[in-house]
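Single-letter residue listing:
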Amino acid sequence: MNLAALVDEVQAVIGNTDSSVESQIKNWLNWAVLRMARRFDWSALVSLDTTTYDTTASTATVSLASTVKKIYDIRYVDTADDAKSRQLQYRPPWVADRLTPYPAGDAENTPYYYWVIGTTIYFYPIPDESKDLYITLHSWPTDMSTDGSSPSITNVDDAIVAGATARAYKSLPQLDGAELVRVWDNEFDKLTLESNLIDRKLGGWRPRMRMHDAFG
């Protein structure tokens with residue numbers, strides 16, 4: 001369903017087709033999708049980014065966009081010398097600090113490791129060349145802004161409507177439906193969990209795993 005159809009569904013449930021409430025309903029629908037993304041990871045929000053991020057020679061870091069929720073893996077790609085292309089190994093920040101306390105004091109080279117602090121990726125060794133990064137990442141959902149736009153999370157329309165309906169009963173006192181808030185919140189919780197359990201069974205889903213060696 002697109003945004004216009006989702007709005008119609010919520011309006012039908014709450015019995016309010018007032019045009020002044022329509023923009024609020026659109027916000028509530030987007031907030032419902034965001035709530036779902038906060039609770040669980042969804043396969044529809046996983047993508048491979050091969051164009052946005054690159055290393056810079058003599059620079060230890062790359063900044064992530066605010067739309068990135070988490071990183072699954074990073075590949076350093078050298079199209080001129082494939083021997084240098086590799087999947088970078090993840091190190092927790094505290095391990096990186098212990099093993100490489102001052103990366104700037106070591107020789108620059110093709111990186112082997114990365115770690116993330118906030119929205120910044122750190123590399124070790126510090127890259128000595130500007131090269132492509134292929135990053136498999138999990139993004140936050142994109143707001144639906146036009147009537148024809150669809151939710152970033154697919155096949156969960158009933159859960160989105162339930163979440164927006166619960167918000168409507170919380171926010172519109174004229175509905176006098178305080179007793180229905182818990183009903184719709186519970187429906188949202190149930191449908192979200194049910195949808196995510198199915199999503200985890202789809203091909204390609206796996207827990208977050210990291211390669212490691214004797215140094216962690």
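Residues numbered from 1 in each chain as written. Predicted model: local features only at pLDDT ≥ 70, side-chain atom pairs only at ≥ 80, totals over all residues. Heavy atoms only, no water.

Where do I start with unusual backbone geometry in this structure?
The phi torsion of most residues other than glycine is negative, and most of the peptide bonds are trans. Residues Tyr-124 and Pro-125 are joined by a peptide bond in cis, for which omega reads -10°. Inspection of the secondary structure assignment puts Pro-125 in the loop between β6 (120-124) and β7 (132-139). Within the chain, Ser-58 stands out as a residue other than glycine whose phi angle is a positive 65°. Its place among the elements puts Ser-58 in the loop between β1 (46-49) and β2 (61-63). The exposure class assigned to Ser-58 is partly exposed, which follows from its relative accessible area of 48%. With phi around 60°, Asn-155 is a residue other than glycine that occupies positive phi space. (Helix = DSSP H or I, 4+ residues; strand = E, 2+ residues; numbered from the N terminus. Buried < 20%, exposed > 50% of the residue type's maximum accessible area, 1.4 Å probe, protein only.)

Sorry if this is basic, but what is going on with the sheet that holds β6 here?
Strand-to-strand pairing in sheets goes through backbone hydrogen bonds, with the strands running parallel or antiparallel. Spatially, seven strands are ordered β1-β7-β3-β4-β5-β6-β2 in an open sheet, and the strand pairing comes out mixed. The open sheet terminates on both sides in strands that have one partner only, identified here as β1 and β2. Averaged over all pairs of adjacent strands, the angle between their axes in this sheet comes to 30°, without regard to strand direction. (Pairing = 2+ DSSP bridges. Axes fitted to C-alpha atoms, helices over the stretch in contact; angles between N-to-C directions.)

Quick question: what am I supposed to make of the pattern of salt bridges here?
Side chains bearing opposite charge may pair, as long as their charged atoms lie close to each other. Tallied over the full model, the rule gives eleven salt bridges. Note that Lys-26 is salt-bridged to Glu-22, the shortest N-O span being 3.8 Å. Taken together, the positions of Lys-26 and Glu-22, both in helix α2 (residues 19-39) and four residues apart, correspond to about one turn of that helix. Note that Asp-185 is salt-bridged to Arg-35, the shortest N-O span being 3.9 Å. Within this pair, whereas Asp-185 is found in helix α5 (residues 178-200), its partner Arg-35 is found in helix α2, the two being separated by 150 residues in sequence. The network of salt bridges with shared partners includes Asp-78, Lys-84, Glu-129 and Lys-131. (Salt bridge = Lys/Arg side-chain N within 4 Å of Asp/Glu carboxyl O.)

By themselves these figures say nothing about function.
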